[in-house]
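Here's the letter readout for the chains.
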Amino acid sequence: MTESVRPGADDTSAALANARAAAKATRDRESERILAGIGLVLLATACFATLDTASKFSTASVPILMAVWFRYAFQAVATTAVLLPLHGTRLLQTRHPRYHLLRGALLLASTVLAFLSLRYMPLAEFTSILLIAPLVVTLLAATTLKEQVSPLRWSLVAGGFIGTLVILRPGGAAFSWAIVLPLCLVLTNAWFQVLTSKLARTEDPLTMHFYTGWVGALLSALALPFVWTALPSWHWWALLCLIGFMGTVGHFLLILAYQRAPASTLTPYIYAQIAFAMVGGWLMFSHVPDRFSLIGMALIAVCGAAGAWLTVRERRVPIEPAES
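Please read these numbers as outputs of a predicted model, since none were measured by experiment. (Residues numbered from 1 in each chain as written. Predicted model: local features only at pLDDT ≥ 70, side-chain atom pairs only at ≥ 80, totals over all residues. Heavy atoms only, no water.)

Colleague: Sorry if this is basic, but what is going on with the overall build of the chain here?
Modeller: The secondary structure content of the chain amounts to 13 helices and zero strands. Counting helices and strands in the order they occur from the N terminus, the chain gives α-α-α-α-α-α-α-α-α-α-α-α-α. Taken over 324 residues, the chain has a buried fraction of 47%. Across the chain, the fraction of contacts at a sequence separation of at least 24, relative to all contacts at a separation of at least 6, is 89%. Total accessible area on the chain is roughly 15,700 Å²; 69% of this is exposed by carbon and sulfur atoms. (Helix = DSSP H or I, 4+ residues; strand = E, 2+ residues; numbered from the N terminus. Buried < 20%, exposed > 50% of the residue type's maximum accessible area, 1.4 Å probe, protein only. Contact = heavy atoms within 4.5 Å. Areas by Shrake-Rupley, 256 points an atom, 1.4 Å probe, with all protein chains shown as cover.)

Structure, rendered in structure tokens:
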């Protein structure tokens, strides 16, 4: 009897061991996917910081609306060339064409404001102020969408705005009319985020990316006859290509990241863009933020990352990084 029971016990032990091994393998694969997602988000934010650095540099000789058109035209053509052969007409299918038009127009307005802001502001400070957009989304949700906002969320919003005031220092020597530009940019970007969260419930992210590029390219092309100018050398064309390339690659990396890991896991890493912007500002423009600016940036990063994390946890949609 004892010998007849042992094979069954051994089979059970082997099955449990196999189940544990399979579960461990699944956890390992999931961990690898999450780490890959984090790595892709960091690469995306580095691309967006490079995009903003190049955009700031371009404002010295390239008309802003011309640079904006080139940035969107590059994205639209590259996206079409890569995605249309892979997905066919499915890429064009949408239930909300008007929302795509409005979303593209909001992002185009944000881009124009970003170029104007970068002409007058240091790179790191600009990026930090732009990254309060998720906190403004909370404010809009409470005031216009009548959503319930917890005391914790309100405290994070307050902390982010205090950090912004520390950077801007109203009444100080660093304060000027140009401060209005990134604040308007934050508002347009926040509405862009709200509309993105609405569309993400029914639309494919690749379709959203496709229409965003083409709406921006076509609308900005309307101004092209009035702003087109011959550039002094090929270096400026190369810079425009870098702007378009970094914007396009950054968005693709972001899509790949959100396919591999939850938005709630990845969102806090978006705030690494502030660090990348500081490096870009130091290398290209020899600008190092002062002590008060660093304190304000840290406050925005902590409050913004926590607020964005709560947003994606509740809505289960990603927050877009700051990019022009």
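There's more to say after this.
Colleague: What exactly am I supposed to notice about the environment of L107 here?
Modeller: Inspection of the secondary structure puts L107 in helix α3 (residues 97-120). Once the C-alpha coordinates of L107 and T212 are considered, the two residues, 105 residues apart in sequence, prove to be 7.7 Å apart.

Colleague: Honestly, the confidence of the model for the chain in this entry has me stumped. Any pointers?
Modeller: For the chain, per-residue confidence averages 83 on the pLDDT scale, and 84% of positions sit at 70 or higher. In this model, residues 1-5 is a region of pLDDT below 50 whose contacts with residues beyond four sequence positions or in other chains number zero contacts. (pLDDT = per-residue confidence, 0-100.)

Colleague: Looking at this structure, I do not really get unusual backbone geometry. What am I missing?
Modeller: Trans is the prevailing form of peptide bonds, just as negative phi is the prevailing case for residues other than glycine. If you check the backbone angles, S286 has positive phi at about 55° while not being a glycine. Residue position: S286 is located in the loop between α12 (273-285) and α13 (291-315). The class of S286 is exposed, set by a relative accessible area of 63%.

Colleague: Quick question: what am I supposed to make of the packing of aromatic side chains here?
Modeller: Centre distance and the angle of the planes are the two values used to describe a pair of aromatic rings. For the structure shown, the criterion picks out seven aromatic pairs. Between W69 and W228, the ring centres sit 6.2 Å apart and the planes meet at 75°, which makes this aromatic pair edge-to-face. On the criterion of sequence distance, the pair formed by W69 in helix α2 (residues 64-87) and W228 in the loop between α9 (224-227) and α10 (234-260) is long-range, its members being 159 residues apart. On the basis of relative accessible area, W228 is assigned to the partly exposed category, the value being 44%. Both rings, one in F210 and one in Y211, keep their centres 5.4 Å apart while their planes meet at 80°; by these two values the pair is edge-to-face. For F210, a relative accessible area of 8% translates into the label buried. A connected cluster of aromatic rings, assembled from ring pairs, spans W69, F70, W228 and W237. Lying over the aromatic face of Y72, R71 brings its terminal NZ or CZ to 4.5 Å of the ring centre. (Phe/Tyr/Trp six-rings, centres within 6.5 Å; stacked < 30°, edge-to-face > 60°. Lys NZ or Arg CZ within 6 Å of the ring centre and 35° of its normal.)

Colleague: Where do I start with a nonpolar patch on the surface in this structure?
Modeller: Among the surface-exposed residues, F57, V279, W282, L283, M284 and V288 lie close enough to one another that they form a single nonpolar patch of about 620 Å² accessible area. If one sorts the elements of the nonpolar patch by residue count, α12 sits on top with four residues. Inspection of the secondary structure puts L283 in helix α12. Classification of L283 by relative accessible area gives exposed; the value is 56%. (Patch = residues over 30% accessible without salt bridge, like charges linked within 9 Å, V, L, I, M, F, W, Y side chains within 5 Å. Salt bridge = Lys/Arg side-chain N within 4 Å of Asp/Glu carboxyl O.)

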